[in-house]
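Now for the letters of each chain:
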Amino acid sequence: MKPTNRGYLTTTELQTLQEKTFSIPRLQRVLDIFIFCCYTGLSWSDAEKLKPSDIKIGIDGEKWIIIYRKKTDSRSPIPILPQAMAIIEKYKNNHECLVKNRLLPVNSNQRMNGYLKEISDICGIEKSLTMHLARHTFATTVTLANGVPIETVSKMLGHTSIKTTQIYSKVVETKISEDMKVLKSK
């Protein structure tokens, strides 16, 4: 298999989306869930089935999402970053979530991706926003580019092999530059 170049959002693009507020509830909800996935690495199917009981106290005494991935049935422990926790809090009393015993009001993948296209057009982001792009953004921009080891990223993504993580993520050039500066200083 020839490796493919997976897309992801840059820090600036992610920040642009985080700063955007929509007066149209459906777009705001989709944007919130997309950002949640950018900060958790969850796929659409895992975000859609997420329940309040999937939040547990982790080994460090903080809140974690601990699930078994739908695709691989492998354990995926994810410490909850503040950006993701804010979205969880926002929807904790949402009627749809309470009725379905879900953490977030996630639409079908097709509908989410359709609304994300609308959001990218409005925000001036030229990349094709999809729910899977959020997962790639977590792997690259949120974790690897900030020095999180690939083994840790692999575990949070619920991959059964680091080779899978290497396909889904790439080390961005800014990280290479930072690492080489450290080497030069030695």
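Whatever comes next refers back to the structure up there.
Residues numbered from 1 in each chain as written. Predicted model: local features only at pLDDT ≥ 70, side-chain atom pairs only at ≥ 80, totals over all residues. Heavy atoms only, no water.

J.: Honestly, the nonpolar core in this entry has me stumped. Any pointers?
T.: Nonpolar side chains tend to gather and get buried jointly when the protein is soluble and globular. Counting 47 residues, the largest nonpolar core has Leu9, Leu17, Phe34, Phe36, Leu42, Ile119 and Leu129 as the members making the most contacts within it. Among the secondary structure elements, those contributing two or more residues to this core are α1 (11-19), α2 (25-40), β2 (63-68), α4 (82-91), α6 (109-123), α7 (131-143) and α8 (150-157). Residues in contact with phenylalanine 34, not counting those within four places in the same chain, are Leu9, Leu17, Leu116, Leu129, Thr130, Met131, Leu133 and Ala134. (Core = buried A, V, L, I, M, F, W, Y, C linked by side-chain atoms within 4.5 Å. Buried < 20%, exposed > 50% of the residue type's maximum accessible area, 1.4 Å probe, protein only. Helix = DSSP H or I, 4+ residues; strand = E, 2+ residues; numbered from the N terminus. Contact = heavy atoms within 4.5 Å.)

J.: What's the story with the side chain of threonine 165 in this structure? I'm lost.
T.: Structurally, the position occupied by threonine 165 is in helix α9 (residues 162-168). If we ignore the near neighbours within four places in the chain, the residues touching threonine 165 are Ile150, Val153, Ser154, Leu157 and His159.

J.: Would you mind showing me how to read the environment of threonine 160 here?
T.: For threonine 160, the location among the structural elements is in the loop between α8 and α9. Given the relative accessible area of 65%, threonine 160 is considered exposed. Residues threonine 160 and threonine 140, spaced 20 residues apart in sequence, show a C-alpha to C-alpha distance of 18 Å.

J.: Mind showing me how you'd approach the pairing of strand β3 (residues 75-79) here?
T.: Along a regular strand, successive side chains alternate from one face of the sheet to the other. As judged from the five bridges shared by β2 and β3, these two strands associate in the antiparallel manner. Following the sheet pairing, tyrosine 68 is matched in β3 by arginine 75. Between β2 and β3, which follow one another and run antiparallel, lie six residues, and aspartate 73 among them has a positive phi close to 55°. (Pairing = 2+ DSSP bridges.)

J.: Before we go on, may I ask you to explain the packing of aromatic side chains in this structure?
T.: Two numbers describe a pair of aromatic rings. These are the distance of the centres and the angle of the planes. In total, this model carries zero aromatic pairs according to the counting rule given. The ring of phenylalanine 22 carries lysine 20 above its face, with NZ or CZ at 5.3 Å from the centroid. The cationic tip of lysine 127 hangs over the ring face of tyrosine 8; the distance from NZ or CZ to the ring centre is 5.7 Å. (Phe/Tyr/Trp six-rings, centres within 6.5 Å; stacked < 30°, edge-to-face > 60°. Lys NZ or Arg CZ within 6 Å of the ring centre and 35° of its normal.)

J.: What am I meant to see in the environment of glutamate 178 here?
T.: As for its placement among the helices and strands, glutamate 178 is situated in helix α10 (residues 173-185). Residues glutamate 178 and asparagine 146 lie 32 residues apart in sequence; the distance between their C-alpha atoms is 10 Å.

J.: Would you explain the side chain of serine 120 in this entry?
T.: With respect to the element layout, serine 120 can be found in helix α6. In contact with serine 120, other than residues within four places in its own chain, are Ile125, Lys127 and Leu129.

J.: What am I meant to see in the packing of α7 against α8 here?
T.: Helix-helix packing is described using two parameters, namely the angle between the two axes and the distance between the axes. α8 packs onto α7 with a crossing angle of 155° between their chain directions and a minimal axis gap of 11 Å. When the axis of α7 is compared with that of α8, the two are roughly antiparallel. The chirality of how α7 crosses α8 is right-handed. The segment α7 lies against α8, with Arg135, Phe138, Ala139 and Thr143 engaging Val153, Met156 and Leu157. Of the residues assigned to the contact of α7 with α8, the class counts are five nonpolar, one polar and one charged. (Axes fitted to C-alpha atoms, helices over the stretch in contact; angles between N-to-C directions. Parallel < 35°, antiparallel > 145°, perpendicular 65-115°, else oblique. Left-handed = near helix turned anticlockwise from the far one by under 90°. Nonpolar A, V, L, I, M, F, W, Y, C, P; charged D, E, K, R; others polar.)

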